[in-house]
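For reference, the chains in residue letters:
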Amino acid sequence: MTNPAMIDLEAVKLTNAQMAWRAAQDIEDGAYVNLGIGLPELVAKFQPDGREAIFHTENGVLGFGPAPAKGAEDWDLINAGKKAVTLKPGAAFFHHADSFAMVRGGHLNVAILGAYEVAENGDLANWSTGAGGVPAVGGAMDLVHGARRVAVITDHVTKSGAPKLLTRCTLPLTGVGCVTRIYSSLAVIDIAQGRFVLREKVAGLSVEQLQSLTGAKLHIEAPVTDLTAAQVA
Amino acid sequence: MTNPAMIDLEAVKLTNAQMAWRAAQDIEDGAYVNLGIGLPELVAKFQPDGREAIFHTENGVLGFGPAPAKGAEDWDLINAGKKAVTLKPGAAFFHHADSFAMVRGGHLNVAILGAYEVAENGDLANWSTGAGGVPAVGGAMDLVHGARRVAVITDHVTKSGAPKLLTRCTLPLTGVGCVTRIYSSLAVIDIAQGRFVLREKVAGLSVEQLQSLTGAKLHIEAPVTDLTAAQVA
Amino acid sequence: MDKSIPSLAQAVADIPDGASVMIGGFGGSGAPIELIHALIDAGPRNLTVINNNAGNGHVGLAALIAAGQVAKLICSFPRSADPRVFNAKYLAGEIDLELVPQGTLAERIRAGGAGTPAFYTPTSFGTDLARGKPVAEFEGRSYVQERWLKADFALIKAEAGDVMGNLTYRMAARNFNPIMAMAARTTIAQVSRIAPLGSLDPETVVTPGIFVNRVVLAENPAQEEVLNRQEAVYP
Amino acid sequence: MDKSIPSLAQAVADIPDGASVMIGGFGGSGAPIELIHALIDAGPRNLTVINNNAGNGHVGLAALIAAGQVAKLICSFPRSADPRVFNAKYLAGEIDLELVPQGTLAERIRAGGAGTPAFYTPTSFGTDLARGKPVAEFEGRSYVQERWLKADFALIKAEAGDVMGNLTYRMAARNFNPIMAMAARTTIAQVSRIAPLGSLDPETVVTPGIFVNRVVLAENPAQEEVLNRQEAVYP
């Protein structure tokens, strides 16, 4: 199932930075947030003015800030992606069991993760492509069942144009029924009562076109607004 | 069953301090030790020269020392008996879950507790007299299943002369099969394979007399030596 | 972000009738006397209180019980130098007691904070306190299944706190406070000192701010032990 | 009491073939490179290693694996910038892998240290990593039963340590080190600095000495990240 309408997605879709910007708009002031490795990490750059989220990293830091200048890295101060970070005032260090007590105990307001596939029942697959090679899971399975809100940020379709938003996941699951919002490159979609509920879509696509790029039915419960994002990079 | 032989126990029995002294002789250098409230606390006073045990208290201190001078108490620095204590070099503070991780995780070398009753199968009853009133358990049930060695320090008989060392406990249990050594006012008794094994007894009593004061059979596997204690107070 | 609250009264104002409230402290050490007294002033009733003890004398938790606000107490050791307030209520059948071994109490609270609904422990196996609880064998030894313990509110006492809720404690006054901070929906910390943001060393923060919702200053806090030696009575 | 050991070689000398060994660190931060290299020199084989990762480059854990000393690895994330040593062994079937979600790994280790033989967690429910594990429902939600994890030895890295084994850490290099210290029969800590007894503030000790058996000085310890940028190879 590849892009049946031959839509020029490159022309209408959000950039990675724009997706991250959009996700950042939903993070309330004072929220405790865990951002997955890769694309989700970009979200930290786009906190709206006047709001301050506190970022948690599995390896035992709360309140870290952006990467230091090149050459100024301290390799004892890294995030879960093993990138060097800095500290903000009010930061704290703790060990791994305490760190995951924060995750599992429901203390994080939101976790934003990447995805291979998301299903309309909220299932997420983001840790294994099912192929051979070396499997690795990290903290994703903990985050999806721990954070109070689990959101996904992802391209709407795969590189080959196949939907990533599906009726049921085909790849090994990270968690069941855990995702409640998807920030895709084309839309913002909530997951409620086992259904995809379309909230926002890019202006350059019709609902029908978006549906054709989605592997499960998009429900509409209220007017769908334009998905707009600042011109960010 | 009260002192059938009308033995003058006051003349032969160890004082509380002497019982504590005897128990202290078995604590190796560098041992981590938890002492129950009351009589067992006395053990700390009698560490043999050249040995240093580290004392743990449930409420989150490792490496505490004797009581401060009267008037110099800091009521944030107390032991499980809520008595003011002092700190030795190398002490550490921690919270209650970490404190009981030490207890339950098998990190204490020895816990020495008081007893209402001890049975030959190692069962201990030391938290409830079974009567009315307000029940209270504290950390005893954790200590008996956590410390690597659980010893009891107790008068050999009750105030009315009834045996406290029994075939089976009659009072509500603190733990099952947990005690391995008893320091009584008349004897040192090991518990092994569900039997009391007499190791030491006060010189003023015959084995038969001691047996008459004991509610279960005393086994003898090796020469019984005299239970002697320094003249301590 | 500023979690500081201007007054003790405001800090506890929304604790309703019927709430479950964890209260830190071991005996008097680490007991948030000022917050408890504010709770007495506020007056909610029918509370379930989780504390290691059951109060001492006529201040703090004992005074809260005396005021008739506590319907149930979950604790390990309801005995103290002067437990008459709790004892009288208990023997009169006016307060429920759930007695929990101290390590089980601590671990249940930590489990509540860490998202662990149940765990196994050897503690209490074969005793009256294990009655009705599932038992399982692991590696040849028997264990009792215990459940997590959470609460609507936690009242805790810390030494220093910043506006983000990062806390340090003082000596053995730490005890149950850090784990109760983890296990309550709303954690209210009284601190002897407000630390300027950034002044607490991230290495020595004991309770990271994520576990704390409100920070309120209670300078020169009372010690239950000292109050009781003065035979103080609240209110 | 003096838990200090004069040399890294002596500190690991009694780790036998077939031992289970927890190794602290998250990636390179907090990885006890010097102790691992001493273990390579000592040469025991058929080890079961517990670590969050699977080594990076050709130093530390990667070098231990390359030396053929590791029969099984228990970890959450055997991927890194340069995982070629582990990958080759794994794909050749020369090393076993038990993949564990990171929080489950941490909690299983903490459970091992705290005497909790089993606990329940929502993590991994309904996934391939829960296969064969007991499942139970609490308050309407499904949970997976996980078992404790203990080891014969733990090799950990700390910042300062005294002769009683009290330890502090440095920033995010803390990670798995404090909980592994709790979960091993023999815990061996390399420290960047030996602190005079009494100089560590009891309030800021992260790992109390009760969890530590040996302390060995490794001044100016290497950072895996730095070594790998230098393309270092051990031995």
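See above for the structure.
Rules used in this analysis
Residues numbered from 1 in each chain as written. Chains lettered and ligands numbered in written order. Predicted model: local features only at pLDDT ≥ 70, side-chain atom pairs only at ≥ 80, totals over all residues. Heavy atoms only, no water. Helix = DSSP H or I, 4+ residues; strand = E, 2+ residues; numbered from the N terminus. Rg over C-alpha atoms; globule rule 2.2 N^0.38 Å. Buried < 20%, exposed > 50% of the residue type's maximum accessible area, 1.4 Å probe, protein only. Contact = heavy atoms within 4.5 Å. Areas by Shrake-Rupley, 256 points an atom, 1.4 Å probe, with all protein chains shown as cover. Lys, Arg positive; Asp, Glu negative; His and termini not counted. Charge placed at Lys NZ, Arg CZ, Asp CG, Glu CD. Pairing = 2+ DSSP bridges. Disulfide = S-S within 2.5 Å. Buried area = accessible area lost by both parts, 1.4 Å probe. Salt bridge = Lys/Arg side-chain N within 4 Å of Asp/Glu carboxyl O. Polar contact = N/O pair within 3.5 Å; in protein donor to acceptor, adjacent residues only side chain to side chain. Right-handed = clockwise from strand over helix to strand, strands pointing away. Phe/Tyr/Trp six-rings, centres within 6.5 Å; stacked < 30°, edge-to-face > 60°. Lys NZ or Arg CZ within 6 Å of the ring centre and 35° of its normal. Axes fitted to C-alpha atoms, helices over the stretch in contact; angles between N-to-C directions. Parallel < 35°, antiparallel > 145°, perpendicular 65-115°, else oblique. Left-handed = near helix turned anticlockwise from the far one by under 90°. Nonpolar A, V, L, I, M, F, W, Y, C, P; charged D, E, K, R; others polar.

Enquirer: Before we move on, could you go through the overall build of chain A and cite the residues and values that matter?
Expert: In terms of regular secondary structure, chain A is built from 5 helices and 14 strands. In summary, chain A has a C-alpha radius of gyration of 18 Å against a globular reference of 17 Å for 233 residues, a match within 12%. For chain A, the spread of C-alpha atoms along the three principal axes comes to 50 × 40 × 35 Å. Here chain A, with 233 residues, has 59% of them falling under the buried criterion. Relative to all contacts within chain A whose residues are 6 or more apart in sequence, the contacts with residues 24 or more apart total 65%. Of the roughly 8,500 Å² of accessible surface on chain A, a fraction of 54% belongs to carbon and sulfur atoms.

Enquirer: Can you explain the overall build of chain C? Please cite residues and give values.
Expert: The helix and strand inventory of chain C stands at 7 helices and 12 strands. Computed over C-alpha atoms, the radius of gyration of chain C comes to 18 Å, within 12% of the 18 Å expected from 2.2 N^0.38 for 235 residues, which places it in the range of a compact globule. Taken over the C-alpha atoms alone, chain C extends approximately 55 × 45 × 30 Å along its principal axes. Pairs at least 24 residues apart make up 75% of the contacts formed inside chain C by residues separated by at least 6 positions. Summed over its atoms, the accessible surface of chain C is roughly 7,800 Å², and 47% of this surface lies on carbon and sulfur atoms. Averaging the locations of the 20 positively and 23 negatively charged side chains of chain C gives two centres separated by 4 Å.

Enquirer: Break down helix 2 (residues 33-42) of chain D for me, with residues and values.
Expert: Think of an α-helix as 3.6 residues a turn; residues three or four steps apart then line up on the same face. In terms of burial, helix 2 of chain D is a largely internal element, 8 of the 10 residues being buried. At the C-terminal side of helix 2 of chain D, D:G43 shows a positive phi close to 90 degrees.

Enquirer: Give a description of helix 3 (residues 96-104) of chain A that names residues and reports values.
Expert: Residue and element names in this part refer to chain A. The buried fraction of helix 3 amounts to 8 of the 9 residues, a majority that puts the element mostly inside the structure. Of all the residues in helix 3, the buried ones are H96, A97, S99, F100, A101, M102, V103 and R104. Looking at the residues trailing helix 3, positive phi occurs at G106, about 80 degrees.

Enquirer: Requested: an account of the pairing of strand 5 (residues 110-113) of chain B, with residues and values cited.
Expert: Residues and elements named next belong to chain B. Of the two faces of strand 5, the one carrying V110 and I112 and the one carrying A111 and L113 are both buried. With 3 bridges connecting them, strand 1 (residues 32-35) and strand 5 associate as parallel partners. Of the residues in strand 5, the one forming a bridge with N34 is A111. With 4 bridges joining them, strand 5 and strand 8 (residues 149-154) adopt parallel strand pairing. Its bridge partner lying in strand 8, L113 is registered against V152.

Enquirer: Any details on the sheet that holds strand 7 (residues 124-125) of chain B? Residues and values, ideally.
Expert: Residue and element names in this part refer to chain B. With mixed pairing, 3 strands are arranged side by side in an open sheet as 7-6-9. Strand pairing shows two members of the sheet lacking a second neighbour, strand 7 and strand 9 (165-166), which therefore form its edges. Examined bridge by bridge, strand 6 (residues 117-119) and strand 9 share 2 bridges and lie parallel to one another. Within the sheet, the bridge partner assigned to V118 lies in strand 9 and is L165.

Enquirer: Mind laying out the state of the cysteines, listing which residues take part and the relevant values?
Expert: All names here are of chain B. For the coordinates displayed, the defined rule picks out 0 disulfides over all chains. For C169, which is in no disulfide, the shortest distance to another cysteine sulfur is to C178 and amounts to 8.7 Å. The exposure class of C169 is buried, given its relative accessible area of 16%.

Enquirer: Account for the sheet that holds strand 6 (residues 117-119) of chain A, with residues named and values stated.
Expert: All names here are of chain A. Reading across the sheet, the 3 strands line up as 7-6-9 and stay open at both edges, with mixed pairing between neighbours. Strand pairing shows two members of the sheet lacking a second neighbour, strand 7 (124-125) and strand 9 (165-166), which therefore form its edges. Examined bridge by bridge, strand 6 and strand 7 share 2 bridges and lie antiparallel to one another. Note on strand 7: the bridge partner recorded for V118 is L124.

Enquirer: Can you lay out the interface of chain A and chain D for me, pointing to particular residues and giving the numbers?
Expert: Between chain A and chain D, the contact holds 34 residues from the first and 48 residues from the second. Buried surface at the junction of chain A and chain D, both sides included, amounts to about 3,400 Å², of which 63% is carbon and sulfur. Here chain A is connected to chain D by 2 salt bridges. Applying the counting criterion to the chain A and chain D interface returns 18 residue pairs in polar contact (both at pLDDT 80 or more).

Enquirer: Please set out the pattern of salt bridges residue by residue, giving values where relevant.
Expert: Residue and element names in this part refer to chain A. The tally for this structure, following the rule as stated, stands at 52 salt bridges over all chains. A salt bridge links E120 to R168; the nearest nitrogen and oxygen atoms lie 3.8 Å apart. Of this pair, E120 sits in the loop between strand 6 and strand 7 while R168 sits in the loop between strand 9 and strand 10 (181-184), and the two are 48 residues apart along the sequence. Classification of E120 as buried rests on a relative accessible area of 14%. A network of salt bridges, in which partner residues are shared, links R22, D26, R181, D190, R195, R199, E200 and E221.

Enquirer: Now, about the pairing of strand 4 (residues 70-75) of chain D: what can you tell me, with residues and values included?
Expert: All names here are of chain D. One ladder, built from 4 bridges, connects strand 3 (residues 47-50) with strand 4; its direction is parallel. Its bridge partner lying in strand 4, I50 is registered against I74. Tracing the backbone out of strand 3, into helix 3 (residues 60-66) and back to the parallel element strand 4 gives a crossover that is right-handed. Sheet topology places strand 4 next to strand 5 (residues 96-99); 4 bridges connect them, and they run parallel. Counted as the bridge partner of K72 is D96 from strand 5. Chirality of the crossover, the property in question, places the unit of strand 4, helix 4 (residues 84-91) and strand 5 among those that are right-handed.

Enquirer: Quick one: what's the story with the environment of C:Q223, residue by residue and with numbers?
Expert: When you line up the elements, C:Q223 lands in the loop between strand 12 (214-217) and helix 7 (224-229). Placed 124 residues apart in sequence, C:Q223 and C:L99 show a C-alpha to C-alpha distance of 25 Å. Once residues lying within four places of it in the same chain are set aside, the contact partners of C:Q223 are B:W75, B:D76, C:G28 and C:S29.

Enquirer: Quick rundown of the packing of aromatic side chains? Include the residues and the values.
Expert: Per the counting criterion, the structure on display carries 11 aromatic pairs over all chains. The interplanar angle of 65 degrees and the centroid separation of 5.0 Å between the aromatic rings of D:Y120 and D:F138 together place this pair among those described as edge-to-face. Remark: D:F138 occurs in strand 7 (residues 135-138) and D:Y120 occurs in strand 6 (residues 118-121); sequence separation between them is 18 residues. The burial state of D:Y120 is the same as that of D:F138; both residues are buried. Of the aromatic side chains, those joined through ring pairs into one cluster are C:Y120, C:F138, C:Y143, C:W148, D:Y120, D:F138, D:Y143 and D:W148. Over the ring of D:F26 we find A:K82; its NZ or CZ atom is 4.5 Å from the centre of that ring.

Enquirer: Outline the packing of helix 3 (residues 96-104) of chain B against helix 5 (residues 102-114) of chain C, supporting the account with residue identities and numerical values.
Expert: Following both chains from N to C, one finds helix 3 of chain B and helix 5 of chain C inclined at 125 degrees, their axes separated by 9 Å at the closest point. By the angle class used here, helix 3 of chain B and helix 5 of chain C are oblique. Between helix 3 of chain B and helix 5 of chain C lies a crossing of left-handed hand. Listed contacts from helix 5 of chain C to B:H96, B:A97, B:F100 and B:R104 of helix 3 of chain B are C:Q102, C:G103, C:T104, C:A106, C:E107 and C:R110. Split into classes, the residues belonging to the contact of helix 3 of chain B with helix 5 of chain C amount to 3 nonpolar, 4 polar and 3 charged.

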